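Per-entry structural report
The lines below spell out each chain.
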Amino acid sequence: MRLTILGGGGFRVPLVYQALLGDRGEGRITSVVLYDTDRGRLGAIGAVLRQQAAKYSDAPAVTETTDLDEALRGADFVFSAIRVGGLEGRTVDERVALDLGVLGQETVGAGGIAYALRTLPVAVGIAQRIAELAPEAWVINFTNPAGMVTEAMIPYLGDRVIGICDSPSGLGRRAALALGLDASTVFYDYAGLNHLGWLRGLQSGGVDRLPELLADSTALGAFEEGRLFGVEWLRSLGSIPNEYLHYYYFARETLAAVQAVEQTRGTFLLEQQSAFYAETARRPDDALELWQKTRAERESTYMVESRAVADAGERDERDMSAGGYEQVALSLMRAIAHNERASLILNVRNRGTLRHLDDDAVVEVPCTVDANGARPVTVSQFTDHQAGLVCAVKAVERSTIEAATTGSRAAAVRAFAWHPLIDSVTAAHQLLDGYADRLPELAPFRR
Ligand code: G6P
Ligand code: MN
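Residues numbered from 1 in each chain as written. Chains lettered and ligands numbered in written order. Predicted model: local features only at pLDDT ≥ 70, side-chain atom pairs only at ≥ 80, totals over all residues. Heavy atoms only, no water.

Bringing the overall build of the protein chain into the picture now. Broken down by element type, the protein chain carries 21 helices and 13 strands. For a compact globule of 447 residues, the expected C-alpha radius of gyration is about 22 Å, and the protein chain comes in at 21 Å, within 12% of that figure. Considered along the principal axes of its C-alpha atoms, the protein chain spans approximately 60 × 55 × 40 Å. For the protein chain, with 447 residues in total, the buried portion stands at 58%. Looking at the protein chain alone, contacts between residues at least 24 apart form 69% of all its contacts between residues at least 6 apart. Taken together, the 44 basic and 58 acidic charged side chains of the protein chain have centroids lying 1 Å from each other. (Helix = DSSP H or I, 4+ residues; strand = E, 2+ residues; numbered from the N terminus. Rg over C-alpha atoms; globule rule 2.2 N^0.38 Å. Buried < 20%, exposed > 50% of the residue type's maximum accessible area, 1.4 Å probe, protein only. Contact = heavy atoms within 4.5 Å. Lys, Arg positive; Asp, Glu negative; His and termini not counted. Charge placed at Lys NZ, Arg CZ, Asp CG, Glu CD.)

Printed below as a string of structure tokens:
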């Protein structure tokens, strides 16, 4: 089995490779092709993987290429985790928005729209190449904003493209753990869009244990989402929101906290990651050690402003090591390759699951996965509040996709103006102008 990783020089690739090394099952991945546009990054990550593989006699073979077509030919799985515009782009996504008084974040609000506007055309181009060169391949999309990117690739790849994220499984695992349950035996009644969902039930042994968790202040206060949102608000909602909803429920506080610090997440990562790639080029023999050190620092500072706003303290040790998106990716590949039925929360077409959205809307819901791919399972319907927010953001996503695929300025302005975290049409125009001035990919949107 061959896995092609687009964005193969990316910092999180060693996590995926580590998961593959741990997979002893039959029909496992035996060959990994790393594709990236940047040779230097490919070399650094290639060195990390070689050191990871050193302890294994049957490690998957790794090859590196900067030729997309070559990377795609013969792939059984394509894992896409690219960052168009790099971390420099991420810092611009943040800064332009913050300077105009709205949240600038990787995937949420104005920042996420700008990121999507430059990523979607590239993702569509990749989807077309896959449809041409590897039409049988399954495509696992981790490229953010993952929901929108998956929806934009579906016209070319159908249900062979499946979006993944680590946040729903992370939330589920933390909630299960807080109840003392084995996370893998629980059914999660989770639904929403990527980075905009709620855990509305937690079925174990035929019983919904969420009410018990919501009633237990100590258990709630012991994990990330409980600390971020506060016991009272969780009880009032009757569900546990994805951590990204902190940007909505505490919009002014998170905005103020992000504005108060000079360093955004993007500038921190840009500095940190540039240092990692430069140092690894100088000391390739220490690649793995440098990667581990950098990763620990990155994980411990994740969503640091939100945790400061909520006074949530340090990030839990368990969340920095426990199976994140690489486990979701591996479980998904295994279920498809072995026809081994699994239940995973994925980004797929709605197909009638959630009645507030049409069949083709990509949603993030629990799915049954086997050799035929992923199918959403029955979950509870949205409450009015959830439906309102989800439908508003889905309209933003679709206007963003329209703008990115047609170049329409009107559609781009609509996307910004409709976003619940952007409070004025004037600001929407200013945001688009600000981004078009600083991001070459968005220059065509200039007035
Ligand atoms: C989580 C989300 C990803 C996101 C990442 C950002 O893993 O699921 O979608 O890209 O966090 O983390 P970072 O360390 O880059 O701020
Ligand atoms: Mn994610």
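Picking up where we left off.
Under the feature "site: Increases basicity of active site Tyr" (unreviewed entry), the UniProt entry names Glu106. With respect to the element layout, Glu106 can be found in the loop between α4 (86-99) and α5 (109-133). Beyond its immediate stretch of four places on either side in the chain, Glu106 contacts Arg83, Arg90, Gly111, Gly112, Tyr115, Asn144 and Tyr244. (UniProt positions renumbered as here; feature names shortened; annotations may be inferred.)

Glancing now at the site of ligand 1. Near ligand 1 you find Arg12, Arg90, Glu106, Asn144, Cys165, Asp166, His195, Tyr244, Arg265, Leu269, Arg298 and Tyr302, and these make up its full shell. At a separation of 3.0 Å, an oxygen atom of ligand 1 approaches a polar side-chain atom of Glu106. For ligand 1, an oxygen atom lies 2.5 Å from a polar atom in the side chain of Asp166. Relative to its unbound accessible surface of 390 Å², ligand 1 loses 94% to contact with the protein. Looking at the shell around ligand 1 residue by residue, the class counts come to four nonpolar, two polar and six charged. (Near = heavy atom within 4 Å. Polar contact = N/O pair within 3.5 Å; in protein donor to acceptor, adjacent residues only side chain to side chain. Areas by Shrake-Rupley, 256 points an atom, 1.4 Å probe, with all protein chains shown as cover. Nonpolar A, V, L, I, M, F, W, Y, C, P; charged D, E, K, R; others polar.)

On to the confidence of the model for the protein chain, then. Within the protein chain, residue pLDDT values average 96, and 99% of them lie at 70 or more. Scoring of the predicted complex yields 0.97 for pTM and 0.99 for ipTM. (pLDDT = per-residue confidence, 0-100.)

The final tally for this structure, using the stated rule, is zero disulfides. There is no disulfide at Cys391, and the cysteine sulfur nearest it, in Cys367, is 19 Å away. Cys391 gets classed as partly exposed once you look at its relative accessible area, which sits at 29%. (Disulfide = S-S within 2.5 Å.)

What follows deals with the packing of helix α1 (residues 13-21) against helix α18 (residues 325-338). Across the interface, α1 lies against α18 with an axial gap of 9 Å and an inter-helix angle of 45 degrees. Regarding the angle of α1 to α18, the classification is oblique. Seen along the crossing, α1 lies across α18 with a hand that is right-handed. Contact with α1, carried on its side by Val13, Leu15, Val16, Ala19 and Leu20, involves Tyr325, Glu326, Gln327, Leu330 and Met333 of α18 and no other residues of that element. Tallied by class, the residues present in the contact of α1 with α18 amount to eight nonpolar, one polar and one charged. (Axes fitted to C-alpha atoms, helices over the stretch in contact; angles between N-to-C directions. Parallel < 35°, antiparallel > 145°, perpendicular 65-115°, else oblique. Left-handed = near helix turned anticlockwise from the far one by under 90°.)

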